[in-house]
Structure formats: structure tokens, C-alpha cells
Amino acid sequence: MSTVTTTEPPVPTDPSSSAGPAGDAEESATYAVSRDRSAVLDALIDEHASEDPTRFRMLTGDRPTGPLHIGHYLASLRNRARLQDKGVETFVVIADYQVITDRDSVGEIGANVHGLVLDYLAAGLDPARTTIFTHSAVPALNQLMLPFLSLVTDAELRRNPTVKDELALSGGRPLSGLLLTYPVHQAADILFCHSRIVPVGRDQLPHLELTRAIARRFNTRYAAGQSVFPEPEALLSEVPLLLGTDGTKMSKSKGNVINLRDTADETAARIRAARTDSERRITFDPNGRPAVANLLTIAGLLLDESPEAVADRIGDGGAQGLKRVVTEAVNETLAEHRARRADLARDPAYVTSVLHEGNARACEVADRTLATVRAVMGMSY
Ligand code: TRP
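My aim in this report is to walk through the structure given alongside it, one point at a time. The residue count restarts for each chain, going from 1 along the sequence in the order it is written. A pLDDT threshold of at least 70 governs which residues receive local features in this predicted model, and a stricter bar of 80 or more applies before side-chain atom pairs are shown or counted, although totals over entire chains, interfaces and linings include all residues. Hydrogens and water molecules were not included; the side-chain quantities draw on all heavy atoms of the structure.

To qualify as a helix, a DSSP run of H or I must reach at least 4 residues; to qualify as a strand, a run of E must reach at least 2; elements of each kind are numbered from the N terminus. Of regular secondary structure, the protein chain possesses 14 helices and 5 strands. Summarising its shape, the C-alpha atoms of the protein chain cover approximately 70 × 50 × 50 Å along the three principal directions. Partly exposed describes any residue whose relative accessible area lies between the buried limit of under 20% and the exposed limit of over 50%, with all areas from a 1.4 Å probe on protein chains only and scaled to the type maximum. Evaluated residue by residue, the protein chain yields a buried proportion of 50% over its 381 residues. Two residues form a contact once any of their heavy atoms are found within 4.5 Å. Taking the contacts inside the protein chain whose residues are at least 6 apart along the sequence as the reference set, 77% of them involve residues at least 24 apart. Split by element, the accessible area of the protein chain, about 17300 Å² in all, is 54% carbon and sulfur. His is not counted, nor are the chain ends, whereas Lys and Arg count as positive and Asp and Glu as negative. One atom stands in for each charge, and that atom is NZ of Lys, CZ of Arg, CG of Asp or CD of Glu. Of the side-chain charges in the protein chain, 41 are positive and 50 negative, and the distance between the mean point of each set is 3 Å. Surface accessibility in these figures is a Shrake-Rupley result with a 1.4 Å probe; residues are shielded only by whichever protein chains are displayed.

It is worth spelling out the environment of Gly-318 at this point. Of note, Gly-318 is situated in helix α13 (residues 318–345). For Gly-318, a relative accessible area of 1% gives the class buried. For the pair Gly-318 and Arg-281, spaced 37 residues apart in the sequence, the C-alpha separation amounts to 5.8 Å. With residues up to four places along the chain from it excluded, the contact list for Gly-318 reads Glu-279, Arg-280 and Ile-282.

Take the pairing of strand β4 (residues 197–200) next. Taken residue by residue, a regular strand's side chains alternate between the two faces of the sheet. Here β4 shows no split at all, with Ile-197 and Pro-199 on one side and Val-198 and Val-200 on the other all buried. The rule for pairing is simple: two strands pair if DSSP sees at least two bridges between them. Inspection of the sheet shows β4 paired to strand β5 (residues 233–236) by 4 bridges, in the parallel sense. From the neighbouring strand, Pro-199 faces β5, where its bridge partner is Leu-235. Remark: the β4/helix α9 (residues 205–222)/β5 crossover connection has right-handed handedness. For the handedness criterion, the strands are oriented away from the viewer, and a crossover whose path from the first strand over the helix to the second runs clockwise is classed as right-handed.

In this section: helix α2 (residues 70–85). Compared with the 22 Å implied by 1.5 Å per residue over 16 residues, the 21 Å span of α2 between its first and last C-alpha is a close match. Each residue is assigned a bend, namely the angle between axes fitted to the seven residues that terminate at it and the seven residues that start at it. The largest bend in α2 is about 35 degrees, located at Ser-76. Two residues or fewer past α2, Gly-87 is found with a positive phi of approximately 105 degrees. The length a helix should cover is 1.5 Å for every residue beyond the first.

Moving on to the packing of α2 against α13. Put simply, α2 and α13 touch, their axes get as near as 12 Å, and they point 75 degrees apart. The angle between the axes of α2 and α13 places the two elements in the roughly perpendicular class. For the pair α2 and α13, the contacting residues are Ile-70, Tyr-73 and Leu-77 in the first and Val-330, Thr-333, Leu-334 and His-337 in the second. Only Asp, Glu, Lys and Arg are considered charged in this grouping, and only Ala, Val, Leu, Ile, Met, Phe, Trp, Tyr, Cys and Pro are considered nonpolar; every other residue, Gly among them, is considered polar. Taken together, the residues of the contact of α2 with α13 sort by class into 5 nonpolar, 2 polar and no charged. Axes here refer to lines fitted to C-alpha atoms; in helices the fit is confined to the stretch in contact. Angles between the N-to-C directions go from 0 to 180 degrees. Between 65 and 115 degrees an angle is taken as roughly perpendicular, under 35 as roughly parallel, over 145 as roughly antiparallel, and anywhere else as oblique.

Below you can see the structure in the form of C-alpha cells.
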């Protein structure tokens, strides 16, 4: 019987070759392969997850930099709960050490972590089946970073597209050592629990390629070819990139975000202020009318319809008709989530206990992995 690891796609890359124009072509080739492979993985999960949960063990995560918004909900949160319910063994890392890769302070870290747990639980992640934990509470995970760092070159890290983008956005501020190396830390997140599946957006694919390289190199260099770390695979989100309500990148500071925790009234006000245009006829035209198309995409994802179908239904209803449909779609779909979230928020001790239990479970797993790593490296004295 084939398994996830033996039916690997012929991914052609070592990340070391992804630079320049040739790198772009290669990036889209990798993307195409990952997309095809993701469809296969989805089918395999449907067929086999309940009988063999560890085969599809999954890890995903979020940086606790602020509240989760509708983009998170549509692109990842819903999907995590769906996979968990299919029987996939699930780990979710609240990546607190990743917060300080690109900023000077941790911000409201405690409240942000608490808020993430609330949204996970409200979205249907079940702490009995899903391990929710933070980096900072799992020392053995962090220690894996040391041997892993020995397996990558500084040139490879400097070529990482995410690191390069963040550097470009930093406006010339110096690049911290943690920013440069955080893809390796992310590899430790993924590998400490031997996860096989990593649901990600396209932007995270280079991190996954690096993780795969680290797994391979560890096995070859330090484990005499034994498979201490299986190579994980990306499960790509099919949700397109969603924009804020002004048609530009979602960003808390621009006030263009619909947060999961917002009230129905706040949501209505945010959508009322959304950027549209004055054409009465609503059409789905991502190039010509990006802001309108974005609202149609959000409504379509929530209503499980194509954006074109939503546009047809609104017809000549204009911006007002569009906003009414989007507001209803958001508020109705999120009503249950928001009610559950509000309920859970009344019991902060419970939320803390979920995190403590998840941290304890993650520590057990990480301790075992680190023990193996030390043993194969001849470092158990
Ligand atoms: N870098 C991811 C993000 O910014 C968060 C994250 C941290 C993650 N560790 C991970 C995602 C491991 C997948 C797997 O969204």
C-alpha cells in the first residue's frame, strides 16, 4: 500500500536554486506540483484518515500578533476543523517566538494567545483531539533548532522569499538573526511531532521545502539514512488571497479587516464603509473591479457559491445590494462561532487549562523526539 511519504511528488527543488527569473518559473512549477499533490492528499485523507490518523498527522500554526479575521477563518480555521473531524491527528502551534522575528516587542502577547485559543475552540477544534500549544512552553522543540541550523547554509536562508520580502518591508531596519533563521524554527515546529501534512498558503511553500530538506539532510547526515524525520507535505489552501474591505492587503492598522470577534453591528459598519464603485450592475471582474470582486469572493466562500453566481443574484442591486448580501453572509455564517466564542470567553480558566494540557502533550512528544535525535547523534550521555 502506498503511503504519504512513499508517494512523494517529484518536487524538483532544493531551495538553494530558487533565485532570480529562473526562480520564479521554478516557484510556479513547485506551486503547480503542490496543488496537484494537495488534491491527491485530500482524497487520501477522505479515504484513510479515520482508520490511520497518525499517517496524516497535521501541524499548522498562527503568529499571535492580533485577533484572527475572516481571512484566517476562510483560508485555514474552517479547514483545520474539517480535517480534525475526518480523524486527522492535529497539532496547532501558537507561534509566540515568531512574533519577535520582525518587531521590537511582544505586544499584547498574553491577550493575543488567549484570543487565538478562543477562536480555535469556537471554530470547533476539540482539545481532546487537537493539541494546541505555544513555542515558548516546549523547550525540546526549541532545542531541535540547534542541530537543524547546522543543516542549512546562510546563503540558503538569505534566499528565502519570505525572509527577503520581510526584509524589503522593513525599510532598511537591520535584519534580526531570528528573522533570518525562523524558517528553521518553523521546521522544528513541523518536525518535532513528525507531522506529515502542513496546510499552508502559497507563501509558506518555501518554508516547507526547507523543512523537507532539513528532514532529508538530518536523516542522511546524522542518522545514517534512517528515517528519523519523515518529509512532510503541503496541503495547499484553495482559498484565493483575500483583500481587506478597501480592496488592499488586509491589515489591522488600515482598519480594513473583519475580525471573528467583532459584533454583527461592527461587521455591518465595516462593510458599509467598504470600497466599491458606482456601477449598478454587479459583476465579478477581479482585474477591472478588484474591491467588488473581493467582496463577492468572500460572500461566495461563506455561502458556498461561486462569486459569479453571487454577482448574478445581486444583478442591478448596486453597491448597496452587494453590501447587504456580504453583511448577511458574514454575520449569519459567523453567528454560531461568535456565540460560542463569547461563551468560552466567560471562562478564562478553562481556556488556560486547554493551553496547559496542550503544552504538556506537546512537551511529551518533543521530549521523545529530542531523545531520539540525541541518541542518533551519539549525544545521550
Ligand atoms: N509562519 C506561519 C504564519 O505566519 C505560522 C506558523 C508558525 C506555521 N509555525 C508554523 C505554519 C508551522 C505552519 C507550520 O502564518
